[in-house]
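So you can see what is in the structure, the chains are spelled out below.
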Amino acid sequence: MGIDTWTSAYAAVQTALTAMEATLSLRPHYLSSSSSSSSSSSSSSSSSSSSSSSSSSSSCSAVMANGNGDTDNVATFALIRPPGHHATTNLCGGYCYLNNVVICTAHYLSSSPPPSSPTQQQEQQEQQEQQEQQQQPSQRKCIIIDIDFHHGNGVEEILHRQSPATTPNAGSTPDKGSIPWPHRCKYISLHAHPDYPYYTTHHPSPLPKSTTLSAYLSTLSSRLESLESWCASSTGPDSTGGANTTTGGADTTGPLVLVSLGLDTLSSDPVGGFAGFRTRADYIRVGEMVGAFVRRTRGRGCFLLEGGYVVEKLGECVEGVLRGFMAGVNGGEREG
Ligand SMILES: [Zn+2]
């Protein structure tokens, strides 16, 4: 393994973290309405944010504005390679070396709020600080929605291994009485089986390659719906080891929703391909559903690129998901 590979993997993580941090300052309309009524100017569309990528990596991140002409940003996207969701604690595989989405999750759920920067939009920073103070790390929640064709075995393995029930001293030291970070994260994966990584998942019902778009959307809808009560509750221990008990208090913001965005669901992908994914319009439908979920749960969305190997189609598929997401966040989800 060459140094350039590790440099690229490191740059991908740094870019993912940059996008994730930018996500925390987003002010979609359903969150802005509960905070200060003043509005600060922000980018009009797709403004690039900073990236610490090295020259050997093509990774970059962007903040997306909605399509309604106002200035509320609705999501961030990290255009990164190599992908990460197959990387386990001690195994690289499936083109993955460092698990980008889990690193972002662990950082978000266990780190302190970022310090304010006097040089960057002071007013927006103050609003962000107010929200973050209301939602300290021990109260935060994260949802990983993995819509790559393949199972994110690395994500599942790390979350399971980091669970205090498995390794009592693993992970960061939680505040007294708080729930350790792996238990404040929910992971759903809509992956194919049988296919790489041929892992015996704990998650239900892998999908056959013959899955139609309507069947895929139905499965995605039901799995997202199953998370909504958890999103609405305050963090607290439940009998299953998750954080699912209402303990009082009201969070003003919902979960950070990290989307492992794999485009190898495209039917013509050389290493994947569900039968139902053929055009950009199919990806718009997926994006709409995820966006509507983020809106309903008062969350914030951050997309991290995973797989997708029909290079000439990759751009339009990504654009379709993100455009659909913006419509869903703004209440424009279509039926069916
Ligand atoms: Zn994949």
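See the structure printed just above.
Read on for an overview of the structure. (Residues numbered from 1 in each chain as written. Predicted model: local features only at pLDDT ≥ 70, side-chain atom pairs only at ≥ 80, totals over all residues. Heavy atoms only, no water.)

Below, the discussion takes up the packing of helix 6 (residues 213-225) against helix 8 (residues 280-296). The N-to-C vectors of helix 6 and helix 8 enclose an angle of 10 degrees; their axes lie 11 Å apart at closest approach. Judged on the interaxial angle alone, helix 8 and helix 6 are roughly parallel. On the side of helix 6, the interface is formed by L213, Y216, L217, L220, S221 and L224, while helix 8 contributes D282, R285, V286, M289, V290 and F293. (Axes fitted to C-alpha atoms, helices over the stretch in contact; angles between N-to-C directions. Helix = DSSP H or I, 4+ residues; strand = E, 2+ residues; numbered from the N terminus. Parallel < 35°, antiparallel > 145°, perpendicular 65-115°, else oblique. Contact = heavy atoms within 4.5 Å.)

Turning next to the packing of aromatic side chains. Working definition: an aromatic ring pair is given by the centre-to-centre distance plus the angle between the planes. On inspection of all chains with the given rule, the structure shows 8 aromatic pairs. Measuring from ring centre to ring centre gives 4.9 Å for F149 and F274, while their planes differ by 55 degrees; the resulting arrangement is tilted. In this pair, F149 is assigned in the loop between strand 4 (142-146) and helix 5 (153-162) and F274 in the loop between strand 6 (256-261) and helix 8, connecting sequence segments 125 residues apart. Neither F149 nor F274 differs from the other in exposure class; each is buried. Between the aromatic rings of Y216 and F277, the centroid separation amounts to 4.8 Å while the plane-to-plane angle is 90 degrees, which identifies the pairing as edge-to-face. Taken together, the residues span a long stretch of sequence, with Y216 in helix 6 and F277 in the loop between strand 6 and helix 8 at a distance of 61 residues. Taking relative accessible area as the criterion, Y216 reaches 1% and is therefore assigned buried. Within the aromatic cluster, the residues linked to one another by ring pairs are F149, Y216, F274, F277 and Y283. Over the face of the ring belonging to W230 we find K141, whose NZ or CZ atom lies 5.1 Å from the ring centre. (Phe/Tyr/Trp six-rings, centres within 6.5 Å; stacked < 30°, edge-to-face > 60°. Buried < 20%, exposed > 50% of the residue type's maximum accessible area, 1.4 Å probe, protein only. Lys NZ or Arg CZ within 6 Å of the ring centre and 35° of its normal.)

Attention shifts here to the coordination of the zinc ion. Within the protein, the zinc ion binds to D148 (OD), H150 (ND1) and D264 (OD); these donor distances fall in the range 2.0 to 2.2 Å. Coordination of the zinc ion draws on donor residues from a single chain, spaced D-x1-H-x113-D in sequence. In this pair, H150 sits in the loop between strand 4 and helix 5 while D264 sits in the loop between strand 6 and helix 8, placing the two residues 114 residues apart along the sequence. Here the two residues H150 and D264 agree in accessibility, since each one is buried. (Donors = N, O, S within 2.8 Å, 3.2 Å for Na, K, Ca; no water.)

With that settled, consider the pattern of salt bridges. Here the structure, examined in full by the defined rule, presents 4 salt bridges. Of the charged contacts in the structure, one is a salt bridge between E157 and R161, with a shortest N-O distance of 2.6 Å. You can see E157 and its partner R161 sitting in helix 5, 4 residues apart, about one turn around the helix. Here R161 falls in the partly exposed class, since its relative accessible area comes to 35%. The residue R323 makes a salt bridge to E319 at a minimum N-O spacing of 2.5 Å. Highlighted residues: R323 and E319, both in helix 9 (residues 311-329), separated by 4 residues, approximately one helical turn. Classification of E319 as partly exposed rests on a relative accessible area of 27%. Connected through shared salt-bridge partners, R280, E319 and R323 make up one network. (Salt bridge = Lys/Arg side-chain N within 4 Å of Asp/Glu carboxyl O.)

Among the nonpolar cores identified, the biggest contains 73 residues, and M20, I145, L263, F293 and F303 are the most heavily contacted of them. In terms of residue count, the dominant contributor to this core is helix 9 (8 residues). Setting aside anything within four residues of it in sequence, one finds I145 in contact with I188, L220, L224, V257, L258, V259, S260, V290 and F293. (Core = buried A, V, L, I, M, F, W, Y, C linked by side-chain atoms within 4.5 Å.)

A word on the pairing of strand 7 (residues 300-305). With 6 of its 6 residues buried, strand 7 lies for the most part within the structure. Of the two faces of strand 7, the one lined by R300, C302 and L304 and the one lined by G301, F303 and L305 are each fully buried. Looking at chain direction, strand 3 (residues 73-79) and strand 7 are connected through 4 bridges and run parallel. For A75, the partnering residue across the bridge sits in strand 7 and is G301. In this sheet, strand 7 lies alongside strand 6 in parallel orientation, the contact comprising 6 bridges. Looking at strand 7, one finds that L261 is bridged to L305. With helix 8 bridging strand 6 and the parallel strand 7, this β-α-β connection has right-handed handedness. (Pairing = 2+ DSSP bridges. Right-handed = clockwise from strand over helix to strand, strands pointing away.)

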